[in-house]
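One letter stands for each residue in the lines below.
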Amino acid sequence: MSDKNVTYFSENTWYQKKVLTLDTYTYCRMCIESELKGCHSLLDIGNGGFFNYEISSLDRVVILDVCIDEGAKYGDNVIPIRGNALDFDIEEKFDVIVLQMLIHHVTGHSPEESVKNLEAILTSCARHLTPSGRILIVESTVPGWFHFLEKIAFRLLHRIWNFPHPLTFQHSARQLLRSAVKVGLSIDEYTLIPMGKWVVIFGLLVPSALTPVQPVKLLLSNPPAI
Ligand SMILES: C[S@@+](CC[C@H](N)C(=O)[O-])C[C@H]1O[C@@H](n2cnc3c(N)ncnc32)[C@H](O)[C@@H]1O
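As the structure is a computational prediction, the values presented were derived from the model and not from experiment. (Residues numbered from 1 in each chain as written. Predicted model: local features only at pLDDT ≥ 70, side-chain atom pairs only at ≥ 80, totals over all residues.)

Q: Mind showing me how you'd approach the UniProt feature "domain: Methyltransferase type" (unreviewed entry) in the protein chain here?
A: What UniProt calls "domain: Methyltransferase type" (unreviewed entry) maps, in this numbering, to residues 81-137. As annotated, residues 81-137 comprises 30% helix and 32% strand, and the C-alpha atoms at either end are separated by 20 Å. (UniProt positions renumbered as here; feature names shortened; annotations may be inferred. Helix = DSSP H or I, 4+ residues; strand = E, 2+ residues; numbered from the N terminus.)

Q: How do you make sense of the site of the ligand when you look at a structure like this?
A: Near the ligand you find 20 residues, and of these N5, G46, G48, A85 and M101 are the closest. Looking at which element gives the most residues to the shell around the ligand, the answer is helix α1 (residues 2-9), with three residues. For the shell around the ligand, the residue count by class is ten nonpolar, nine polar and one charged. (Near = placed C-beta within 6 Å. Nonpolar A, V, L, I, M, F, W, Y, C, P; charged D, E, K, R; others polar.)

Q: Just to check I follow, could you spell out helix α5 (residues 144-160) for this structure?
A: An α-helical turn contains 3.6 residues, so any two residues separated by three or four positions project in the same direction. Taking 1.5 Å per residue, 17 residues should reach 24 Å; α5 reaches 25 Å between its end C-alpha atoms and fits that length. When the local axis directions of α5 are compared, the greatest deviation, roughly 35°, occurs at F154. (Expected span 1.5 Å × (residues − 1). Bend = angle between axes of the 7 residues up to and from the residue.)

Q: Honestly, the sheet that holds strand β6 (residues 186-192) in this entry has me stumped. Any pointers?
A: Think of a sheet as strands paired side by side through backbone hydrogen bonds, with each pair either parallel or antiparallel. In spatial order, the strands read β3-β2-β1-β4-β5-β9-β6; together these seven strands make up an open sheet with mixed pairing. The sheet terminates laterally at β3 (78-82) and β6, the two strands that pair on one side only. Across the sheet, the mean angle separating the axes of adjacent strands is 15° when strand polarity is ignored. Here strand β1 (residues 41-45) runs beside strand β2 (residues 60-65); their pairing, made up of five bridges, is parallel. Paired with I45 across the bridge in β2 is L64. Lying on the sheet, helix α3 (residues 23-34) is in contact with β4 (94-100), β5 (129-141) and β9 (214-221); it crosses β5 at an angle near 170°. (Pairing = 2+ DSSP bridges. Axes fitted to C-alpha atoms, helices over the stretch in contact; angles between N-to-C directions. Contact = placed C-beta atoms within 7 Å.)

Q: Sorry, what's going on with unusual backbone geometry here?
A: Most peptide bonds take the trans configuration, and most residues that are not glycine carry a negative phi. You will see that M101, though not glycine, has its phi angle at about 55°, which is positive. Of note, M101 is situated in the loop between β4 and α4 (111-127). The backbone of F202 shows a phi angle near 50°, a positive value even though the residue is not glycine. Position of F202 among the secondary structure elements: in the loop between β7 (198-201) and β8 (204-207).

Q: It is not clear to me how the environment of V183 should be interpreted in this structure. Could you clarify?
A: Looking at the element boundaries, V183 is found in the loop between α6 (173-182) and β6. Note: C-alpha distance between V183 and M30 (153 residues apart in sequence) is 27 Å. Setting aside residues up to four positions removed in sequence, V183 forms contacts with E119, L122, T123 and A126.

Q: I would appreciate a short explanation of the environment of S172 in the present structure.
A: Inspection of the secondary structure puts S172 in the loop between α5 and α6. Sequence separation between S172 and V98 is 74 residues; the distance between their C-alpha atoms is 19 Å.

Q: Any chance you could explain the environment of V98 here in plain terms?
A: Among the secondary structure elements, V98 is positioned in strand β4. Under the C-beta neighbour-count criterion, V98 is labelled buried, with 26 such atoms within 10 Å. Residues V98 and I137 lie 39 residues apart in sequence; the distance between their C-alpha atoms is 6.0 Å. Once residues lying within four places of it in the same chain are set aside, the contact partners of V98 are I32, L42, D44 and L136. (Buried ≥ 20, exposed ≤ 12 C-beta atoms within 10 Å, placed from the backbone.)

Q: When you look at the nonpolar core in this model, what are you seeing that I'm missing?
A: Nonpolar side chains in soluble globular proteins tend to be buried together. Ranked by internal contacts, the top residues of the largest apolar core, which has 39 residues, are I97, L99, I135, L136 and I137. Elements with a contribution of two residues or more to this core: α3, β1, β2, β4, α4, β5, α6 and β9. (Core = buried A, V, L, I, M, F, W, Y, C linked by C-beta atoms within 7 Å.)

Q: Any chance you could explain the pairing of β4 here in plain terms?
A: Each regular strand shows side chains that alternate between the opposite faces of the sheet. Extensive coverage of β4 is indicated by the burial of seven of its seven residues. As judged from the six bridges shared by β4 and β5, these two strands associate in the parallel manner. Pairing of L99 across the sheet is with I137, part of β5. At this point the chain moves from β4, through α4, to the parallel β5, and the crossover so formed is right-handed. (Right-handed = clockwise from strand over helix to strand, strands pointing away.)

Q: I'm lost on α6 in this one. Help?
A: Three or more residues of α6 are buried, namely L176, S179 and A180. Angularly, the buried residues of α6 cover 100° about the axis, an arc narrow enough to put them on a single face. Exposed positions of α6 whose direction lies more than 90 degrees from the buried face are R174 and V181. Elements that come into contact with the buried residues of α6 comprise α4, β5, β6 and β9. (Arc of directions from axis to C-beta.)

So, in structure tokens, the structure goes:
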């Protein structure tokens, strides 16, 4: 699925404009900025090559994405790394690791593989945290009844999907929490993020009232060493 993410997101100024202007993403921005106070080093995975939140107070920001241009200038404190969330190893630990609207893009060949991939990402993130560091997930989720139908649809669609936007797989909030606990992370916060009038789904502007999606904020950390 990563190849399609590269072609779709490399030049996607439409998506960037929507994220910078729609209320739903303004609420996401507020969730991120409130966690960056006192943060020195940040890793943003699936950053997309742009920021919808303020980074001027941070000493160091590493952005990792399959479609990042490593030669481009994203800011004096920004280091771009072209890499895969599933398989990254940076010799550095971070105060905050942000995963904003990334997880539903890292799918697999099946719903089960998508869950395994989610857990692989969380495990890698946990290894890259400072002792007091936190993983901040801002992610779109779906309710259980929709998730049941989505799993059936995903199995059928992933073989034949032929749209420019990659096929995504949204987890339920319950699954995100379950996977975090399974890989040994502590849940410090779980909050529903309010939605504005519109959301972007499969690269289309959709009225929020017509979709089952619910963005959530999750804050995770490594349990203290005994
Ligand atoms: C929906 S965009 C989110 C961009 C930005 N985080 C935001 O919230 O506005 C998803 C991003 O995840 C990136 N992505 C998808 N699969 C990835 C992977 N396996 N590893 C790293 N980045 C990935 C895409 O290239 C894209 O930039």
